[in-house]
Amino acid sequence: MALYREVAGRIQQQIDSGLFSFGERLPGVRKLSQSMDVSVSTVVQAQRLLEDNGVIAARPRSGFYVCQPSMPETTLPAAGLSAAQPVPVTTGEVTLFLGQLSQQKECAQLGFAIPHTDFLPMRALQKSLSSAVRQFDERAAGYTSPGGNEALKQQIARRMRFAGSEVDTEDILITGGAQEALTLALRSIAEPGDVIAIESPTYYGLLQAVESLGMKAIEVATDPVEGISLPALEMAARQWPVKACLLMPNFQNPLGAKLSDDNKEKIIGLAERFDFMLIEDDIYGELSQTDQRPRSLHSYDDCGRVIYYSSFSKTVSPG
Ligand SMILES: Cc1ncc(COP(=O)(O)O)c(C=O)c1O
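Not measured: the values here are computed from a predicted model.

Rules used throughout
- Along each chain, residue indices are assigned from 1 in the same order as the chain's sequence is written.
- Only residues with pLDDT of at least 70 are given local features in this predicted model, and only at 80 or more are side-chain atom pairs given and counted; all residues enter the totals for whole chains, interfaces and linings.
- Only hydrogens and water are removed before side-chain values are computed, so all heavy atoms of the structure are retained for them.
- For this document, the term salt bridge refers to a Lys or Arg side-chain nitrogen within 4 Å of an Asp or Glu carboxyl oxygen.
- Strands here are runs of E lasting at least two residues and helices are runs of H or I lasting at least four, both read from the DSSP assignment and numbered beginning at the N terminus.
- Think of it in three bands: with a 1.4 Å probe and only protein chains considered, a residue is buried below 20% of the maximum accessible area for its type, exposed above 50%, and partly exposed in between.
- By convention, a crossover is right-handed whenever its connection, traced from the first strand over the helix to the second and viewed with the strands pointing away, goes clockwise.
- One requirement defines pairing of two strands: DSSP has to find at least two bridges between them.
- Here, proximity means that at least one heavy atom of the residue falls within 4 Å of the molecule or strand.
- N or O atoms closer than or at 3.5 Å make up a polar contact, with two conditions inside protein: a donor-capable atom paired with an acceptor-capable one, and, for residues adjacent in sequence, both atoms drawn from side chains.
- Residue burial considers only the protein chains on display, and all accessible areas are found by Shrake-Rupley using a 1.4 Å probe.
- Put simply, Ala, Val, Leu, Ile, Met, Phe, Trp, Tyr, Cys and Pro go in the nonpolar bin, Asp, Glu, Lys and Arg in the charged bin, and everything else, Gly too, in the polar bin.
- Reported domain spans reflect what an automatic or database domain assignment gives.
- As a rule, the C-alpha atoms of each element are fitted with a line to give its axis, helices using only the stretch in contact, and angles between N-to-C directions run from 0 to 180 degrees.
- Here roughly perpendicular refers to angles of 65 to 115 degrees, roughly parallel to angles under 35, roughly antiparallel to angles over 145, and oblique to all remaining angles.
- Should the near helix be turned counterclockwise from the far one by less than a right angle, the crossing is left-handed, whereas a clockwise turn marks it as right-handed.
- Two residues qualify as a contact provided that any one of their heavy atoms is within 4.5 Å of a heavy atom in the partner residue.
- We call a set of buried Ala, Val, Leu, Ile, Met, Phe, Trp, Tyr and Cys residues a nonpolar core when their side-chain atoms join them within 4.5 Å.
- The directions considered for the arc run from the helix axis to the C-beta atoms.

1. Considerations on the pattern of salt bridges
Applying the stated criterion to the full structure yields 11 salt bridges. Ionic pairing is found between K153 and E150, a salt bridge with its closest N-O pair at 4.0 Å. Residue K153 and its partner E150 are both found in helix 6 (residues 150-160); the two are separated by 3 residues, about one turn of the helix. A salt bridge links R273 to E234; the shortest N-O distance between them is 3.7 Å. Highlighted residues: R273 in helix 10 (residues 261-274) and E234 in helix 9 (residues 230-239), separated in sequence by 39 residues. On the accessibility criterion, R273 (52% relative accessible area) is exposed. Here the salt bridges share partners, and the residues they tie into one network are E234, R238 and R273.

Following this line, the structure appears as structure tokens:
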């Protein structure tokens, strides 16, 4: 085997074993040539090979960085099915089961979407928290105005423009996370016994909210790529007095599906035609793997059909 291929194999091994992780800079050419006891030109050739294979990438005037490993091919999960009729929701068993699984170390924890601590910007958080306490004195620990801190609302309104949504700060309400926002949204538009259309499958916390408010759920088939089925939602709305549809248009939990822009527009039309509200959970909208985050469903709403909520629990930190 050519020497440069062997060297590329050794660097690849170091990456695979975690010595250099995703996003990290590889040592310079000279350092590598010394540590591997080969010539500089052999290292350069090995780096070229790794670059061609998508293992590392060059950044101008900075060197080579480890690329994100490509995902193994997987088969998509099956689409969820629509239910024949609305039913009261009972989540007790599922929640208990998930709780038990979370204690088992040998299980990959896919039931709860908890960001790994490695992803949390701890340094930046520490800095911001201590400067807030210094800057605001005892006000930092006091009550804020009922709808939430005005400066925070301004930042959120600015941020929502990235999702294509234009909002005034007076239309924003600060809550303790997405779960509280969801419960408030449901309570503001529906009553016990009302029918709520939900994606199938969906995040169990959404089911818990519907259950706790004594509402009924009708499951609507949801595809792992396309998202909620519009024909199935239309059929449910024709047959039942659907009060609201609760959905995650961007990166649905658990399927990861994203509704196309075209379908986002169409679903607003459907809500208008059958007179129901849309509650948009956009908690994963900012976790796009491309630079451009997808547009919110809310950004297509020109008739006041969408209540939008999100949270910083998956992007800044759950706490
Ligand atoms: C889709 C979805 N919505 C809401 C939540 C709850 O978010 P929070 O922790 O901000 O209440 C989660 C948490 O996993 C979630 O996956």
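2. Side note on the pairing of strand 8 (residues 277-281)
The buried fraction of strand 8 is high, at 5 of 5 residues. Of the two faces of strand 8, the one holding M277, I279 and D281 and the one holding L278 and E280 are both buried throughout. Handedness of the strand 7 (residues 242-247)-helix 10-strand 8 crossover: right-handed. Taken together, the 4 bridges between strand 8 and strand 9 (residues 306-309) define a ladder with parallel strand orientation. The residue of strand 9 that forms the bridge with I279 is I307.

3. Points about the site of the ligand
With respect to spatial proximity, 13 residues lie near the ligand, and among them N253, D281, Y284, S311 and K314 are the closest. Contact between the ligand and A178: an oxygen atom at 2.9 Å from a main-chain N or O atom of the residue. A distance of 2.7 Å separates an oxygen atom of the ligand from a polar atom in the side chain of K314. Relative to its unbound accessible surface of 400 Å², the ligand loses 87% to contact with the protein. Of the residues belonging to the shell around the ligand, the class tally is 6 nonpolar, 5 polar and 2 charged.

4. Description of the domain arrangement of the protein
When cut into domains, the protein gives domain 1 (3-66) and domain 2 (87-115 + 149-309). The straight-line distance from the C-alpha centre of domain 1 to that of domain 2 is 44 Å.

5. Looking at the packing of helix 7 (residues 178-189) against helix 8 (residues 204-212)
Where helix 7 contacts helix 8, the two axes come as close as 10 Å, and the packing angle between them is 40°. Classified by the interaxial angle, the pair formed by helix 7 and helix 8 is oblique. Note on packing geometry: the crossing formed by helix 7 with helix 8 is right-handed. Taken together, the residues of helix 8 that come into contact with helix 7 (itself represented by Q179, L182, T183 and L186) are G205, L206, A209 and V210. Tallied by class, residues from the contact of helix 7 with helix 8 come to 5 nonpolar, 3 polar and no charged.

6. Quick word on the nonpolar core
Core analysis: the biggest nonpolar cluster contains 24 residues, and I228, L233, C245, L247, I267, F276 and L278 have the highest contact counts within it. Among the secondary structure elements, those contributing two or more residues to this core are strand 4 (195-200), strand 5 (216-223), helix 9, strand 7 and helix 10. For this core, the element with the most residues is helix 9, which contributes 5 residues. Once residues within four sequence positions are removed from consideration, I267 is found in contact with I228, L230, L233, L247, L259, L278 and L297. Formed by 23 residues, the second largest nonpolar core is a distinct cluster that contains A181, I198, L206 and A244.

7. Focus: helix 6
All buried positions along helix 6 are accounted for by K153, I156, A157 and M160. All buried residues of helix 6 project into a common sector of 100° when viewed along the axis, lining one side. Turning to helix 6, the residues buried within the fold contact strand 9. Residue N149 occupies the N-cap position of helix 6, its side-chain oxygen lying 2.9 Å from the main-chain nitrogen of A151.

8. Focus on the packing of helix 1 (residues 3-16) against helix 3 (residues 40-52)
Between helix 1 and helix 3, the least distance of the axes is 8 Å, while the angle of their chain directions is 60°. Of the two elements, helix 1 crosses helix 3, and the hand of that crossing is right-handed. Of the residues in helix 3, those in contact with L3, Y4, R5, V7, A8, I11 and Q12 of helix 1 are T42, Q45, A46, L49 and L50.

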